[in-house]
Amino acid sequence: MALLEVERLTVRFGGLVALDAIDLAVEKGQFVSVIGPNGAGKTTLFNAIAGAIRPSEGLVRFDGREVQGSPSARMSHLGVRRSFQVARPFASMTVRENIRVAAAGKALLQSLRCLGLRSRDRGIAERVDELLETFGLARLAERKAGELNMGELRRLEIARALSSRPSLLLLDEPAAGIGADGIGPLAQLIRGVHRSGLTVMLVEHYVGFALSLSDRVVVLDEGRKIAEGGPEEVRRDERVIAAYLGKEGSRSTGTNPLGGGA
Amino acid sequence: MSYLLVVGVTIAIYAVLTVALNMVVGYVGQPNLAQSAFLGLGAYFAAVLSTRYHLGFWWTIPVAFGVAGIAGFALGAISLRLREDFLAITTIGLNFVMVAVFQYLPFFGGAVGIYSIPVPSIGEHHFGNLDYLILAAAMLALVVGVSKYLERSWLGASLFAIRDDESAAASVGIPVASYKVVAFTLSAAFAGMVGSLYAPFLSAVTPTSFGFTESVVILSMLIFGGLGTVRGALLGALVLGALPEAFRFISNFRLLTYGVILLLMLRFQPQGLAGEASAVSRLVGRLASPLRKSRDHGPA
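Residues numbered from 1 in each chain as written. Chains lettered and ligands numbered in written order. Predicted model: local features only at pLDDT ≥ 70, side-chain atom pairs only at ≥ 80, totals over all residues. Heavy atoms only, no water.

(A) Focus on the sheet that holds strand β1 (residues 4-13) of chain A. Residues and elements named next belong to chain A. Pairing in this open sheet of 4 strands is antiparallel, and the strands run β2-β1-β4-β5 from one edge to the other. A single partner strand is all that each edge strand has here, and the edge strands are β2 (16-26) and β5 (65-66). As defined by bridge partners, strand β4 (residues 57-62) adjoins β5 across 2 bridges and the pair is classed as antiparallel. Its bridge partner being in β5, R61 is matched across the sheet by E66. Sitting on the sheet, helix α1 (residues 42-50) touches β1 and β2, and the angle it makes with β1 is about 115°. (Pairing = 2+ DSSP bridges. Helix = DSSP H or I, 4+ residues; strand = E, 2+ residues; numbered from the N terminus. Contact = heavy atoms within 4.5 Å. Axes fitted to C-alpha atoms, helices over the stretch in contact; angles between N-to-C directions.)

(B) Broad picture of the interface of chain B and chain A. Counting residues at the interface gives 24 residues for chain B, matched by 31 residues for chain A. Buried area between chain B and chain A, both sides added, is near 2300 Å², and the carbon and sulfur share of it is 60%. By the criterion of area lost to chain A, the three top residues of chain B are W154, S171 and V172 of chain B, representing 34% of everything that side buries. Remark: the boundary between chain B and chain A carries 1 salt bridge. One salt bridge in this structure joins R88 of chain A and D165 of chain B, with 2.8 Å as the shortest N-O distance. The interface formed by chain B and chain A contains 15 residue pairs in polar contact (both at pLDDT 80 or more). At the level of elements, α5 (129-152), α6 (154-164) and α7 (166-171) of chain B are the ones that each hand at least two residues to the side of chain B that touches chain A. For the side of chain B that touches chain A, the element with the most residues is α6 of chain B, which contributes 8 residues. Class assignment for the residues of the side of chain B that touches chain A results in 13 nonpolar, 5 polar and 6 charged. (Buried area = accessible area lost by both parts, 1.4 Å probe. Salt bridge = Lys/Arg side-chain N within 4 Å of Asp/Glu carboxyl O. Polar contact = N/O pair within 3.5 Å; in protein donor to acceptor, adjacent residues only side chain to side chain. Nonpolar A, V, L, I, M, F, W, Y, C, P; charged D, E, K, R; others polar.)

(C) Quick peek at the layout of surface pockets. Here the second largest pocket is characterised by a volume of approximately 410 Å³. Among the residues forming the lining of the second largest pocket, the class breakdown is 8 nonpolar, 9 polar and 4 charged. (1 Å grid on protein atoms, 1.4 Å probe; cavity = no way out; pocket = protein on both sides within 12 Å on 5 of 7 lines; lining within 4 Å. Points joined across faces, edges and corners; volume = space filled by probe spheres on them.)

(D) Representation of the pairing of strand β8 (residues 199-203) of chain A in the model. Residues and elements named next belong to chain A. Of all 5 residues that make up β8, 5 are buried, and the element is covered over most of its length. Along β8, one buried face is formed by T199, M201 and V203 and the opposite face, lined by V200 and L202, is buried too. Inspection of the sheet shows strand β3 (residues 31-35) paired to β8 by 4 bridges, in the parallel sense. By the bridge assignment for β8, F31 is matched with V200. Pairing of strand β7 (residues 168-172) with β8 involves 5 bridges; the strand directions are parallel. In the sheet register, L168 faces β8, and the bridge partner there is T199. Tracing the backbone out of β7, into helix α7 (residues 180-195) and back to the parallel element β8 gives a crossover that is right-handed. (Buried < 20%, exposed > 50% of the residue type's maximum accessible area, 1.4 Å probe, protein only. Right-handed = clockwise from strand over helix to strand, strands pointing away.)

(E) Seen up close, the pattern of salt bridges. Residue and element names in this part refer to chain A. Within the structure shown, the criterion is met by 23 salt bridges over all chains. When the shortest N-O distance is used, the salt bridge between D129 and R96 registers 2.8 Å. Taken together, the positions of D129 in helix α5 (residues 122-134) and R96 in helix α3 (residues 95-101) put the pair 33 residues apart, joining distant regions of the chain. Across the pair R216 and E228 runs a salt bridge, and its minimum N-O distance is 2.1 Å. Remark: E228 occurs in strand β10 (residues 224-229) and R216 occurs in strand β9 (residues 216-221); sequence separation between them is 12 residues. Judged by its relative accessible area of 31%, E228 falls in the partly exposed class. The structure contains a network of salt bridges with shared partners spanning E5, E7 and R61.

Quick look at the structure:
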């Protein structure tokens, strides 16, 4: 059974149809990328799945449960965690606290725990240390998150999202704003996260980056799904090439806008 | 001596109000210009119950705590529906509503207020100024203790996360709405609690002593001292509470002075004197860092 199923998901902002009847299924352990030109509805799709916006129509089924319209805190408790396109750290808190505060657990545990001291929870402290180490943040642990550079913030957001051991990770343009030399190591980290058994969905503007990581690729254009398949299949798809060429779109250039893989 | 005690009690009461206000404004980052309304609720309930219903002083403390807490809960619930600027205006309005309620509801004694509130006593001993000071200090210790504990608890960290970024907080499973309401409730309850002391200390309560200007004074103290930290709240209450006593001429221009201080602080030093990233605490941090280093490198 698919971990995440999206059926005829539609989001309208006033008269604008941002997402038009999207169907989508993500199997457990898969790595699925969502690509498309600017304004295709990629982030809207993530927001609707993660509970940040309420879909106008359609179903979202997670782990067999219908969850469309659930607020983001509940989606987080169910096991869906995300990063943001524009990094959103808890700027006044240290890097360690950023990750720790996100690890308070599911709803019941969290309310039982909320009056307890953070430093008491040894299990969580170990988990946080482990994440700090994995994401190369250990030496920044006591720095305020507001002082980090873009690359560090991207890693912090992923570490924070992973702190509660989610079953689905949504990454919204994790490569945006970090230099070309930062992309390789970031791809390695994300691949590592996926190999550890997590199901990952990635929205990405760098098409090469997305294709190199994915088992399957979903292509959106103007709120509609125009193609879906393996990376190679999508790279050759005429409709996809047309969608990208028709716009100023992707950063990849050359004869084929979907260019060589990373 | 007695005069100094009176000043001391006044400052301690302001300190309770400021530290309590910090839970909402400092920790969660929600504007609140209604702190004196909660003080007034506590003071009025204590006054009415002790004069008209002869409730003992010690019982008025939990009642004042509870009544103000319920009002704070209501404000917290309202705050969820309002953006920051509208919330600020709503809390300003709340002051005027409360003053009107005190003035026009017969239960609260009308425009003249309530007089000759009985002096609290322990056994045969009636409260003097020193007793007020001790009790005010005990209440201050309680609210400081709760604040300090909150800062180290899961709830406290979640409040900071909400202050920094609500959407991100929700995305990691923090129940933003209920935690905000908890902060409003706690903050108001402590303001009400100290009201139960304020009423017999002044021996009279009048509607206008709990108006908007008092709320501005309390918020000025917090912003002057530094948002988000207990030490900032304490420092603000101490300095701005003592200022009119130290310089008599200021008390004639009290509001003007506080208003000017508030504007200057917001323009030039928004972190306050002792806030998290203020000039003073950075200086202290710099001075202390060589000490810390030498300790780290010392023998284990």
